[in-house]
Amino acid sequence: MVDTRNPKAYQTRRMTFSACHRLNSPFLDEAENEEVYGKCNHINGHGHNYMVKVTLFGEIDTKTGMILNMTELKRYMEQAIMNLLDHKNLDKDVEYFKNRPSTTENLTVFVWNQMKRVMEKPDLLYEVEIFETENNIVRYRGE
């Protein structure tokens, strides 16, 4: 019997952006923030060169041979990530972080939500992975 379904695959695109932030929770007092976040709680903040990977999962189109044209994925990532986050102060320039700590965990959820908003086929979104540093990495799959 011939399998008539299109095979499925994962497709990932990577981008980098630079932003600054201060790890500081509105739910903790000054001493607790200093204890929890240490030097990352410095009053003037600090910056990162973040790397973001956005992964899609879906059927490979028989006509195009693609899950999604990489040009479209790049455009979505520009809208959802670069336009909103690159060379910004996350705490002051991004409304989402006005009432929550700008941790990489929260940043990853933010990017996920933004990607879902801009994509024509948001069900293709499988994972957002953010490298704050080469050693500090967070993945989110919409759970």
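Residues numbered from 1 in each chain as written. Predicted model: local features only at pLDDT ≥ 70, side-chain atom pairs only at ≥ 80, totals over all residues. Heavy atoms only, no water.

**Let's talk about the overall build of the protein chain**
The following threshold applies: Secondary structure elements are taken from DSSP: a helix is a run of H or I of four residues or more, a strand is a run of E of two residues or more, and numbering for both begins at the N terminus. For every residue, the accessible area obtained with a 1.4 Å probe (protein chains only) is divided by the maximum for its type, and the residue is called buried under 20%, exposed over 50%, and partly exposed between those limits. Counted as positive: Lys and Arg. Counted as negative: Asp and Glu, with His and the chain ends omitted from the count. Think of each charge as sitting on NZ of Lys, CZ of Arg, CG of Asp or CD of Glu.
Scanning the protein chain for helices and strands turns up four helices and five strands. The helix and strand sequence of the protein chain, counted from the amino end, reads β-α-β-α-β-α-α-β-β. By principal-axis analysis of the C-alpha atoms, the protein chain measures approximately 65 × 30 × 25 Å. Taking all 143 residues of the protein chain together, 38% fall into the buried category. Charged side chains in the protein chain number 19 positive and 22 negative. The centres of these two groups are separated by 7 Å.

**A word on the UniProt feature "active site" (unreviewed entry) in the protein chain**
The following threshold applies: UniProt positions are given in the numbering used here, feature names are shortened, and annotations may be inferred rather than shown by experiment. Here, residues are in contact when the closest pair of their heavy atoms is within 4.5 Å. Two N or O atoms count as a polar contact when they lie within 3.5 Å, although within protein this holds only if one can serve as hydrogen donor and the other as acceptor, and sequence-adjacent residues are included solely when both atoms are side-chain atoms.
Summarizing the sequence annotation, UniProt attributes the feature "active site" (unreviewed entry) to Cys-40, His-87 and Glu-132 in the numbering used throughout. Topologically, His-87 is positioned in the loop between helix 2 (70-85) and strand 3 (88-89). Relative accessible area serves as the criterion here: at 66%, His-87 is assigned to the exposed category. Residue position: Glu-132 is located in the loop between strand 4 (125-131) and strand 5 (137-140). Every residue in contact with Glu-132, bar those within four places of it in the chain, is listed here: His-21, His-48, Asn-49, Tyr-50 and Thr-104. Polar contacts involving the side chain of Glu-132 include one to the side chain of His-48, which spans 3.4 Å.

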